[in-house]
Amino acid sequence: MNKEIVSIIQKDHLYHLMLKGERADGRAFDEFRDISIQTDYIDKAEGSAKVELGNTKVVVGVKIMPGTPFPDTPDSGVIITSAELIPLASPEFESGPPRENAIEVARVTDRGIRESGAIDLKKLCVVEGEKVWMVFIDIHVLDDCGNLMNVSALGAIAALLTAKMPKERFGLGEDAPLPIRDIPVSITAVDIGGGILFDPTIEEENVAECKLTVIFNQEGAISGMQKSGNGSLTSDQLNNIVEISCKKAQEIRKKFLEI
Amino acid sequence: MNEKPEKFIDENGLRLDGRKIDQIRDIKIEIGILNRADGSCYLEFGNNKIMAAVYGPREVHPRHQQKATRAIVRYKYNMASFSVEDRKRPGPDRRSIEVSKVSREAFEKEIFTELYPKSAIDIFIEILQADAGTRTAAINAASLALADAGIPMRGLISSCAVGKVDDTLILDLNKDEDNYGQADMPIAMSTDGKITLLQMDGHLTQEEFKKGLEMAQQGCREIYELQRKALIDHYNNTQKEIIQDAPVESVKDISTESATEEDPIEDPVISDDVPDNGYIANDDEIKEDIPDEKEEVILDEYEDNPAIVSDETEDDTLE
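It should be emphasised that the depicted structure is a prediction, and the values quoted were computed from it without experimental measurement.

Here is what the cut-offs are and how they apply
Residues numbered from 1 in each chain as written. Chains lettered and ligands numbered in written order. Predicted model: local features only at pLDDT ≥ 70, side-chain atom pairs only at ≥ 80, totals over all residues. Heavy atoms only, no water. Helix = DSSP H or I, 4+ residues; strand = E, 2+ residues; numbered from the N terminus. Buried < 20%, exposed > 50% of the residue type's maximum accessible area, 1.4 Å probe, protein only. Contact = heavy atoms within 4.5 Å. Areas by Shrake-Rupley, 256 points an atom, 1.4 Å probe, with all protein chains shown as cover. Expected span 1.5 Å × (residues − 1). Buried area = accessible area lost by both parts, 1.4 Å probe. Salt bridge = Lys/Arg side-chain N within 4 Å of Asp/Glu carboxyl O. Nonpolar A, V, L, I, M, F, W, Y, C, P; charged D, E, K, R; others polar. Core = buried A, V, L, I, M, F, W, Y, C linked by side-chain atoms within 4.5 Å.

**A look at the overall build of chain B**
Next up, step 1: Assigned secondary structure in chain B consists of eight helices and nine strands.
Next up, step 2: Counting the 319 residues in chain B, one finds 44% classified as buried.
Next up, step 3: Taking the intrachain contacts of chain B between residues at least 6 apart in sequence as the baseline, contacts between residues at least 24 apart amount to 68%.
Next up, step 4: Accessible surface for chain B amounts to roughly 16,800 Å². Of this, 48% is attributable to carbon and sulfur atoms.

**Overview of helix α5 (residues 235–258) of chain A**
Next up, step 1: Here α5 of chain A spans 35 Å end to end across 24 residues, near enough to the 34 Å set by a 1.5 Å rise per residue.
Next up, step 2: When α5 of chain A is considered as a whole, its buried residues turn out to be Gln237, Leu238, Asn239, Ile241, Val242, Ser245, Cys246, Lys248, Ala249, Ile252, Arg253 and Phe256 of chain A.

**A closer look at the interface of chain A and chain B**
Next up, step 1: Each partner contributes to the interface: chain A provides 36 residues, whereas chain B provides 31 residues.
Next up, step 2: Summing both sides of the interface, chain A and chain B together bury roughly 3,100 Å²; the carbon and sulfur share of this comes to 54%.
Next up, step 3: At the boundary of chain A with chain B, the tally comes to five salt bridges.
Next up, step 4: A salt bridge links Glu98 of chain B to Arg107 of chain A, with the nearest nitrogen and oxygen atoms 2.3 Å apart.
Next up, step 5: At the level of elements, β4 (78–84), α2 (100–115), β12 (222–228) and α5 of chain A are the ones that each hand at least two residues to the side of chain A that touches chain B.
Next up, step 6: Looking at the side of chain A that touches chain B residue by residue, the classes come out as eleven nonpolar, 15 polar and ten charged.

**Digging into the nonpolar core**
Next up, step 1: Ile125 and Met185 of chain B are the most contacted members of the largest nonpolar core, which totals 120 residues.
Next up, step 2: Among the elements that line this core, the one with the most residues is helix α4 (residues 206–245) of chain B, at ten residues.
Next up, step 3: Not counting residues within four places of it along the chain, the set of residues in contact with Met185 of chain B comprises Met225 of chain A together with Cys160, Ala161, Val162, Leu198, Gln199, Met200, Leu204, Phe209, Gly212 and Leu213 of chain B.
Next up, step 4: In terms of nonpolar packing, the next biggest core, distinct from the first, is built from seven residues, Ile192, Leu197, Val207 and Ala208 of chain A among them.

**What to know about the pattern of salt bridges**
All names here are of chain A.
Next up, step 1: Inspection of the entire model under this criterion finds 37 salt bridges over all chains.
Next up, step 2: Between Glu205 and Lys211 there is a salt bridge, and its shortest N-O distance comes to 3.5 Å. In this pair, the class of Glu205 matches that of Lys211, namely buried.

Treat this as a map of the structure, not an account of what it does.
Written out as structure tokens, the structure is:
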């Protein structure tokens, strides 16, 4: 609902570029913008990462502390993911409690980490039914130039990989890294007039009617998906996106591990 | 909560609740059961009990939300505190906000919002009893409530989930399959087969996704037939009631003019046997078609029924 107003001229421009097989910033349809990741960005956090994807900037902080488990999973640690689209990051964002866009980013990021089994939650149990480690993943968007879904997911897993469980501070032994088993990678594409563009910029996101995010685990299986936007996709388009995304996810994971 | 079953599918290929792997749960539909709402639908999908109400097109509050060129669509998915095993804290939580968002997006393109600028179409969903698949059931109910409210739509939206248990794809998960299954993928589909909602969590390979999508689409088609039938039944009954209650003279009117008058009574959505053509024709078509038909009918009446002609002449003389 708080989508930026796009001029008809811009919409037309992006559409006609698409017809010629081009994009406004000269990328190929399936080309991602440059990724840079800086881990251990915040000393006070147990894990943190500042991620840039093109001009989009996001900081993810991980705080870890002991707490009580949920009654239905007494032997598992807890992951809580939240995202804040702070007004500093875009003229469209407003202060106040998270709205549906922020909630969607947080929940889809959470889905990727949870469903791929990225964190071995059983190993976060201290005393069954009483004390487990709680992992809070907080996503702060600093500059929204498009594709928050993928940047947040990259930031979250980067921050988790470098996070230390502060066992010493709570008298529970020596500090240790989080038990990470998988590195989920999420890939987002938008549909502009039938053309499928990966890693959309904010202009492309605003023009597009439909967006699909697919999250892959290490073995290339799908861990999560989310369609957003008013538009619809045919099953051929969906299968096509999933196929290309799978290859893209492997590329991104490789790059990610190099960094 | 039940314990995790050892096996979800028995040696005969049947699931724990006796269904085949590609069989949806029973659906019961009642349309137009709320009096104050402009359109409503009560839907049971297995053990889910869903109430949907539609208000609008109506004035937008708060005003700043209104759009100059089209109606806004608002979708509120709400779970009753008693709808689940452990009491749910009333009010919107993050899950219901997300469900509301994606469900709204599943409908927005299907509604002719451009016909109602500066107005709001509100869809309210109340989950009275939840038993896995509430968002899909709610979308099916909302679709019918919209039709019942007479909101012009390109077609109905039907929704259904596919999931995975014991490494087998299954259609329309029940509670245990949802809790302990390996994947859950709800989709919603328009009448022309386009996907308007897609979410997934769990673990699916690309092949499974492809196959699962087809299964879910088949499920949606089955549900579409049930929705369509429910609408036709409902409006046939209301039409009969109107005829029965009406005074004798007006009954005659309805029967003689039925050729032209039936269409507006039937819901627009029913007429989408030809989905491409929709029920909204080009302005030109409307202008051309309707007067022609009326003229014909009137002419027929003059020819067949001399009484009308004499009536007319009487009137003339009176004047």
